[in-house]
Amino acid sequence: AGVRVAVLDGGINENHLDLAGQVDVACSASFVPHYDFHEDTGGFWHGSHVAGIVAAADNDFGIVGVAPDATIMGVKVLHDGGGSFGWLIGGLLFASDPVSFPGYEGCQKADIINMSLSGAWFKNGAQGYHALVTRAINFAASKGVLAVSAAANNGVNTQDYPALTIIPAMAGSGIAVSATGPLGWHATGNTDF
């Protein structure tokens, strides 16, 4: 209770029965040009899905979130499953220090930034992006905000592919989170990089 989680993702439907009252609409923002924080396309509502895992209300409907009394800051950095590093960096800075953005002077920073998003790049081609995302995640840490990133969905062991970097999971002082399957199961992933 009382924890603020910035969900950096696609659009979040703040009127969904599991999220109504859980989203701080006044302190949510979009870094995707021409779209508000609660807009996305078709059936792609990954942001709402993630926000529900975090803070879906205990209301006899759907699921109960991990932290049903947390407050969600919707920060749109993806649209239809894609985005840019600029949008991601803007979202990281906003969630860490919203009062420095015009119109958000009364907003509190997040306690946690959730980024259930990732991409894999060859290190030699992504050094500049990696450095910028690292600075943004370290800025969040300097403000007392913990950045948590997905380690990707491909099941790629980066020790087997040392030329790859996973961003934002391998950037800055945040935490990268992975998942495991049932005993004896492993993901083969896409190794055609």
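Residues numbered from 1 in each chain as written. Predicted model: local features only at pLDDT ≥ 70, side-chain atom pairs only at ≥ 80, totals over all residues. Heavy atoms only, no water.

1. Concerning the overall build of the chain
Thinking step 1. Helix and strand counts for the chain come out as three helices and ten strands.
Thinking step 2. In the chain, the succession of helices and strands from N to C terminus is β-β-α-β-β-β-α-β-β-α-β-β-β.
Thinking step 3. A compact globule built from 193 residues should have a C-alpha radius of gyration of about 16 Å, and the chain, at 17 Å, falls within 12% of that.
Thinking step 4. Seen through its C-alpha atoms, the chain measures out along the principal axes to roughly 45 × 40 × 30 Å.
Thinking step 5. Buried positions account for 39% of the 193 residues belonging to the chain. (Helix = DSSP H or I, 4+ residues; strand = E, 2+ residues; numbered from the N terminus. Rg over C-alpha atoms; globule rule 2.2 N^0.38 Å. Buried < 20%, exposed > 50% of the residue type's maximum accessible area, 1.4 Å probe, protein only.)

2. Topic: the layout of surface pockets
Thinking step 1. Taken as a whole, the second largest pocket holds about 330 Å³ of empty space.
Thinking step 2. The wall of the second largest pocket is formed by 14 residues, among which Val50, Ile53, Val54, Val66 and Asn114 lie closest to the centre.
Thinking step 3. At five residues, the largest contribution of residues to the lining of the second largest pocket is made by helix α1 (residues 46-55).
Thinking step 4. Of the residues assigned to the lining of the second largest pocket, the class counts are ten nonpolar, four polar and no charged. (1 Å grid on protein atoms, 1.4 Å probe; cavity = no way out; pocket = protein on both sides within 12 Å on 5 of 7 lines; lining within 4 Å. Points joined across faces, edges and corners; volume = space filled by probe spheres on them. Nonpolar A, V, L, I, M, F, W, Y, C, P; charged D, E, K, R; others polar.)

3. A closer look at the side chain of Asn114
Thinking step 1. Within the secondary structure, Asn114 is located in strand β6 (residues 112-115).
Thinking step 2. Asn114 sits in the buried class, given a relative accessible area of 16%.
Thinking step 3. Each residue touching Asn114, except ones within four places of it in the same chain, is listed here: Val5, Ala6, Val7, Leu8, Val50 and Val148. (Contact = heavy atoms within 4.5 Å.)

4. Comments concerning the state of the cysteines
Thinking step 1. Scanning the model with the defined rule gives one disulfide in all.
Thinking step 2. Between the sulfur of Cys27 and that of Cys107 lies a disulfide, 2.1 Å long from S to S. With the S-S dihedral at roughly -90°, the linkage between Cys27 and Cys107 falls on the left-handed side. Of this pair, Cys27 sits in the loop between β1 (4-9) and β2 (29-30) while Cys107 sits in the loop between α2 (85-96) and β6, placing them 80 residues apart in sequence.
Thinking step 3. Taking relative accessible area as the criterion, Cys27 reaches 7% and is therefore assigned buried. (Disulfide = S-S within 2.5 Å.)

5. Considerations on the environment of Gly82
Thinking step 1. You can see Gly82 is positioned in strand β5 (residues 82-83).
Thinking step 2. C-alpha of Gly82 to C-alpha of Cys107: the two residues are 25 residues apart in sequence and 27 Å apart in space.
Thinking step 3. When near neighbours in sequence (up to four residues on either side) are disregarded, Gly82 contacts Val77 and Trp87.

6. Regarding the environment of Leu146
Thinking step 1. With respect to the helices, strands and loops of the structure, Leu146 is situated in strand β8 (residues 146-150).
Thinking step 2. The class for Leu146 is partly exposed, based on a relative accessible area of 33%.
Thinking step 3. For Leu146, the contacting residues outside a window of four places in its chain are Asp111, Ile112, Ile113 and Ile175.

7. Section: the pairing of β8
Thinking step 1. The pairing of β6 with β8 spans four bridges and is classified as parallel. Its bridge partner being in β8, Ile112 is matched across the sheet by Leu146.
Thinking step 2. Direction of pairing for β8 relative to strand β10 (residues 175-177): parallel, over a ladder of three bridges. Paired with Val148 across the strands is Ile175, a residue of β10. (Pairing = 2+ DSSP bridges.)

8. With respect to the pattern of salt bridges
Thinking step 1. Inspection of every chain in the model, using the stated rule, returns two salt bridges.
Thinking step 2. Across the pair Asp24 and Arg4 runs a salt bridge, and its minimum N-O distance is 3.1 Å. Here the residue Asp24 occupies a position in the loop between β1 and β2, and Arg4 occupies one in strand β1, the gap between them amounting to 20 residues. With respect to class, Asp24 is no different from Arg4; both count as buried.
Thinking step 3. Measuring nitrogen to oxygen at the nearest pair gives 3.6 Å for the salt bridge that ties Lys76 to Asp40. Of the two residues, Lys76 is situated in strand β3 (residues 71-76) and Asp40 in the loop between β2 and α1; the sequence distance between them amounts to 36 residues. Each member of the pair, Lys76 together with Asp40, is buried. (Salt bridge = Lys/Arg side-chain N within 4 Å of Asp/Glu carboxyl O.)

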